[in-house]
Amino acid sequence: MLAENYELIESIMLYGGLFILFVLMGFAVHDVLRKNDVPLIGRVVTYGVLGLGALGFLAKGIIEWFWLSTGV
C-alpha cells in the first residue's frame with residue numbers, strides 16, 4: 001500500500017512542511033517586529049510580503065492541480 005501511495009504521501013508531507021515553515025516564519029517576524037517597536041506601516045508591509053509569498057505558493061499548487069486534472 002505504501003508504494004502505491006508514495007507520491008500522494010510525499011505531496012502531503014511537502015505541503016504540510018511548507019505550511020509549518022510559513023507559520024514559523026510568521027511567528028519569527030511577529031516577534032522581531034514586536035521587540036523592535038516597528039511602526040504600523042512597516043508591520044503591514046512585512047506581513048503583506050510574507051502573506052503574498054504564501055499566497056503565491058498556494059496559487060502555484062492550485063494551478064498545478066488544475067493543469068494536471070485537465071491533462072495539459
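Quantities reported herein were computed from a predicted structural model and do not represent experimental measurements.

(A) Quick peek at the overall build of the protein chain. Summing up its helical and strand segments, the protein chain has 2 helices and 0 strands in all. In terms of overall size, the protein chain is more extended than a compact globule, its C-alpha atoms giving a radius of gyration of 17 Å where 72 residues would be expected to give roughly 11 Å. Dimensions of the protein chain, computed from the C-alpha atoms along their principal axes, are close to 50 × 25 × 5 Å. Out of the 72 residues in the protein chain, the part that is buried amounts to 4%. Surface accessibility of the protein chain: about 6,100 Å² in total, with carbon and sulfur atoms responsible for 76%. Seen as two clouds, the 4 positive and the 6 negative side-chain charges of the protein chain have centres 19 Å apart.

(B) Just the packing of aromatic side chains, in detail. For the structure on display, the rule yields 2 aromatic pairs. Seen in terms of ring centroids, phenylalanine 22 and phenylalanine 57 are 6.4 Å apart; in terms of plane orientation they differ by 45°. Their pairing is tilted. Of this pair, phenylalanine 22 sits in helix 1 (residues 6-35) while phenylalanine 57 sits in helix 2 (residues 40-70); the two residues are 35 residues apart in sequence, bridging distant segments of the chain. Look at phenylalanine 22 and you get partly exposed, because its relative accessible area is 23%.

(C) Expanded view of the environment of glycine 51. Of note, glycine 51 is situated in helix 2. Between the alpha carbons of glycine 51 and phenylalanine 22 there is a distance of 9.0 Å; along the sequence they are 29 residues apart.

(D) Local environment of the packing of helix 1 against helix 2. The contact between helix 1 and helix 2 brings their axes to 10 Å, and the two run at 175°. Relative to helix 2, the element helix 1 is oriented roughly antiparallel. Touching Tyr15, Leu18, Phe22, Met25, Gly26, Val29, His30, Leu33 and Arg34 of helix 1 are Arg43, Thr46, Tyr47, Leu50, Gly53, Ala54, Phe57, Lys60, Gly61 and Glu64, all from helix 2. Across the contact of helix 1 with helix 2, the residue classes tally to 10 nonpolar, 5 polar and 4 charged.

(E) Broad picture of the pattern of salt bridges. Under the counting rule described, the total for this entry stands at 3 salt bridges. When the shortest N-O distance is used, the salt bridge between arginine 34 and aspartate 31 registers 3.0 Å. In this pair, arginine 34 and aspartate 31 both sit in helix 1, 3 residues apart, roughly one turn of the helix. The partly exposed category is assigned to aspartate 31, whose relative accessible area is 28%. Salt-bridge contacts for lysine 60 lead to glutamate 64; the nearest nitrogen and oxygen are separated by 3.0 Å. Here glutamate 64 and lysine 60 lie together in helix 2, a separation of 4 residues that amounts to about one turn. Given the relative accessible area of 35%, glutamate 64 is considered partly exposed. Through salt bridges with shared partners, a single ionic network connects Asp31, Arg34 and Lys35.

Definitions and cut-offs
Residues numbered from 1 in each chain as written. Predicted model: local features only at pLDDT ≥ 70, side-chain atom pairs only at ≥ 80, totals over all residues. Heavy atoms only, no water. Helix = DSSP H or I, 4+ residues; strand = E, 2+ residues; numbered from the N terminus. Rg over C-alpha atoms; globule rule 2.2 N^0.38 Å. Buried < 20%, exposed > 50% of the residue type's maximum accessible area, 1.4 Å probe, protein only. Areas by Shrake-Rupley, 256 points an atom, 1.4 Å probe, with all protein chains shown as cover. Lys, Arg positive; Asp, Glu negative; His and termini not counted. Charge placed at Lys NZ, Arg CZ, Asp CG, Glu CD. Phe/Tyr/Trp six-rings, centres within 6.5 Å; stacked < 30°, edge-to-face > 60°. Axes fitted to C-alpha atoms, helices over the stretch in contact; angles between N-to-C directions. Parallel < 35°, antiparallel > 145°, perpendicular 65-115°, else oblique. Contact = heavy atoms within 4.5 Å. Nonpolar A, V, L, I, M, F, W, Y, C, P; charged D, E, K, R; others polar. Salt bridge = Lys/Arg side-chain N within 4 Å of Asp/Glu carboxyl O.

Distances and angles like these do not, on their own, reveal function.
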